[in-house]
Amino acid sequence: MATAKPKKKNPRLASGRKRARQDVKLNAANTSLRSKYRTAVKNVEKAVLAGDKTKATELFAKMQQVVDIVADKGIFHKNKAARDKSRLSAKVKTLATAAA
């Protein structure tokens, strides 16, 4: 049987209660963006593995936008975003040269 998470106590102060409400919204937004980031990266990697040069370059352009947005918001570190873009860029370039 799965164990349920222990319930958090409600803050006493009004500012604490407001902070808790805000945290729920922020957590949902950050989770959504984090998921979008990972999906974009995964889609490019799938296109590279499939050997589809045009699809890979198209998805890479979209992925760059998503990665930059997520890095600017501080959800992932800027260096991680740059590292992911660099590695995927290299994979797409090798795919392009192998096809030529």
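Coordinates for the structure precede this section.
Residues numbered from 1 in each chain as written. Predicted model: local features only at pLDDT ≥ 70, side-chain atom pairs only at ≥ 80, totals over all residues. Heavy atoms only, no water.

J.: How should the overall build of the protein be read in this particular structure?
T.: Looking only at helices and strands, the protein features 3 helices and 0 strands. Start at the N end of the protein and walk to the C end: the helices and strands fall as α-α-α. Over its C-alpha atoms the protein spans a radius of gyration of 19 Å, topping by over 25% the 13 Å that the globule rule assigns to 100 residues. Once the C-alpha set of the protein is aligned to its principal axes, its extents read approximately 65 × 35 × 20 Å. For the protein, with 100 residues in total, the buried portion stands at 23%. Working note: accessible area of the protein is about 7900 Å², and carbon and sulfur atoms make up 55% of it. (Helix = DSSP H or I, 4+ residues; strand = E, 2+ residues; numbered from the N terminus. Rg over C-alpha atoms; globule rule 2.2 N^0.38 Å. Buried < 20%, exposed > 50% of the residue type's maximum accessible area, 1.4 Å probe, protein only. Areas by Shrake-Rupley, 256 points an atom, 1.4 Å probe, with all protein chains shown as cover.)

J.: Is there a simple way to think about helix α1 (residues 14–50) in this case?
T.: Because each turn of an α-helix spans 3.6 residues, side chains separated by three or four positions in sequence point in the same direction. When the terminal C-alpha atoms of α1 are compared, their 54 Å separation across 37 residues agrees well with the 54 Å that a helix rising 1.5 Å per residue should span. Residues of α1 that are buried: L33, Y37, A40, V41, V44, A47 and V48. (Expected span 1.5 Å × (residues − 1).)

J.: Mind showing me how you'd approach helix α2 (residues 53–73) here?
T.: Compared with the 30 Å implied by 1.5 Å per residue over 21 residues, the 30 Å span of α2 between its first and last C-alpha is a close match. All of the buried residues along α2 are A56, L59, F60, M63, V66, V67, V70 and A71. Each buried residue of α2 lies within a common arc of 140° when the element is viewed along its axis, so the set occupies one face. What points out from α2, more than 90 degrees from its buried face, is the exposed set T54, Q65 and D72. Looking one or two residues beyond α2, the residue adopting positive phi is G74, at roughly 85°. (Arc of directions from axis to C-beta.)

J.: What should I look at first to understand the environment of L33 in this one?
T.: With respect to the element layout, L33 can be found in helix α1. Remark: the alpha-carbon pair of L33 and V66, spanning 33 residues in sequence, is separated by 8.4 Å. Residues in contact with L33, not counting those within four places in the same chain, are V70, K73 and I75. (Contact = heavy atoms within 4.5 Å.)

J.: Explain the pattern of salt bridges here, please?
T.: Two side chains carrying opposite charge are able to pair once their charged atoms lie near each other. Inspection of the entire model under this criterion finds 6 salt bridges. A salt bridge links D68 to K85; its shortest N-O distance comes to 2.7 Å. With D68 in helix α2 and K85 in helix α3 (residues 78–99), this pair connects stretches of sequence that are 17 residues apart. With a closest N to O distance of 3.3 Å, D84 and K80 form a salt bridge. You can see D84 and its partner K80 sitting in helix α3, 4 residues apart, about one turn around the helix. (Salt bridge = Lys/Arg side-chain N within 4 Å of Asp/Glu carboxyl O.)

J.: Help me out: how do you make sense of the environment of G74 in this one?
T.: With respect to the element layout, G74 can be found in the loop between α2 and α3. Taking C-alpha positions, G74 is 9.5 Å from N30, a pair spaced 44 residues apart along the chain.

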